[in-house]
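Each chain, letter by letter, is given below.
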Amino acid sequence: SFDAVSNVTSSGMLTSFTTFAPFSVQLASATACGRASVSVNLSVNIIAAGTCFTINTSNIAINGLGFTIVGNGSGIGVNISSGTKNVTIKHVHLDNFTRGVDIIADTNRIGNHTIYNNTIISANKSDAPGIYVQRSSWNNISWNNISTHSQATNSPGIYLAIESNNTFVEFN
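Rules used in this analysis
- Residues numbered from 1 in each chain as written.
- Predicted model: local features only at pLDDT ≥ 70, side-chain atom pairs only at ≥ 80, totals over all residues.
- Heavy atoms only, no water.
- Helix = DSSP H or I, 4+ residues; strand = E, 2+ residues; numbered from the N terminus.
- Buried < 20%, exposed > 50% of the residue type's maximum accessible area, 1.4 Å probe, protein only.
- Contact = heavy atoms within 4.5 Å.
- Polar contact = N/O pair within 3.5 Å; in protein donor to acceptor, adjacent residues only side chain to side chain.
- Phe/Tyr/Trp six-rings, centres within 6.5 Å; stacked < 30°, edge-to-face > 60°.
- Lys NZ or Arg CZ within 6 Å of the ring centre and 35° of its normal.
- 1 Å grid on protein atoms, 1.4 Å probe; cavity = no way out; pocket = protein on both sides within 12 Å on 5 of 7 lines; lining within 4 Å.
- Points joined across faces, edges and corners; volume = space filled by probe spheres on them.
- Nonpolar A, V, L, I, M, F, W, Y, C, P; charged D, E, K, R; others polar.
- Pairing = 2+ DSSP bridges.

Student: Would you explain the overall build of the protein in this entry?
Tutor: A count of helices and strands for the protein gives 0 helices and 19 strands. Every one of the 172 residues in the protein was classed for burial, and the buried ones make up 36%. In the protein, 65% of the contacts between residues at least 6 apart in sequence involve partners at least 24 apart.

Student: I keep staring at the side chain of N118 and nothing clicks. Help me out?
Tutor: Of note, N118 is situated in the loop between β13 (114–116) and β14 (119–122). One polar contact links the side chain of N118 to the main-chain carbonyl oxygen of Y116, over a distance of 3.1 Å. Ignoring sequence-local partners within four residues, the contact set of N118 consists of I89, K90, H91, V92, W143, N144 and N145.

Student: Mind showing me how you'd approach the packing of aromatic side chains here?
Tutor: The way to describe two aromatic rings as a pair is by their centre distance and the angle between their planes. According to the stated counting rule, one finds 2 aromatic pairs in the structure shown. With centroids separated by 4.5 Å and ring planes inclined at 20°, the aromatic side chains of W143 and F171 adopt a geometry described as stacked. Taken together, the positions of W143 in the loop between β16 (140–142) and β17 (145–147) and F171 in the segment after β19 (168–170) put the pair 28 residues apart, joining distant regions of the chain. Above the ring of Y132, the side-chain terminus of R99 is found at 3.8 Å from the ring centroid.

Student: Explain empty space enclosed by the protein to me, please; I cannot follow it from the model alone.
Tutor: Considering all chains together, one arrives at 1 cavity of 30 Å³ or more under this definition. Surrounding the largest cavity, 13 residues form its lining, G83, T84, A105, H113 and S136 being those nearest its centre. No other element matches strand β12 (residues 99–110), which puts 5 residues into the lining of the largest cavity. Tallied by class, residues from the lining of the largest cavity come to 5 nonpolar, 7 polar and 1 charged.

Student: Just to check I follow, could you spell out the sheet that holds strand β7 (residues 61–63) for this structure?
Tutor: Strand pairing in a sheet relies on backbone hydrogen bonds. The paired strands run either parallel or antiparallel. What the 6 strands build is an open sheet, ordered β4-β7-β10-β13-β16-β19; its pairing is parallel. Of all the strands in the sheet, just β4 (40–41) and β19 have a single pairing partner and so form its edges. In this sheet, β19 lies alongside β16 in parallel orientation, the contact comprising 3 bridges. Across the sheet, the residue bridging to N140 is F168, located in β19.

Student: Can you help me understand the sheet that holds strand β11 (residues 93–97) in this one?
Tutor: The parallel open sheet is built from 5 strands, whose spatial order is β5-β8-β11-β14-β17. Of all the strands in the sheet, just β5 (46–47) and β17 have a single pairing partner and so form its edges. The sheet contact formed by β11 and β14 spans 4 bridges and is parallel. Bridge pairing in β14 links L94 to I120.

Coordinates in, geometry out; function isn't part of it.
Structure, rendered in structure tokens:
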């Protein structure tokens, strides 16, 4: 028999259910930071507390359309997760993040990412590069305007760490 109030059958068989979204996963949108699994075209300026976009899906783009994402001096503006390929970050203004764009793979992978025509101003602290690449190869980093603070140590505009082979860096 079925008890409609408790949503339970006496036989123990499930008669209906509700699907819940995972807890603490904010999906990215044109107006909010979060996990991006589809391409995003910003439509407003965004203020971020920590990392703004985390990308864990291949073949997508974040197009800032000239809008600005302002951090609180911590986190990453755009974090491209290990295992993704063909991600494009373009026309975004990233201001006050520990790293503007972060591409780190767990092993040497062909990332084939494009970081193009962005303005990146790093946080005023040590170890705050504008763009950081590690173990990701065949990337195109071009036409970006990157500023770091002169008093901050170990904060280059672009940091190509180990196993970042065949990465094209031009006009930055």
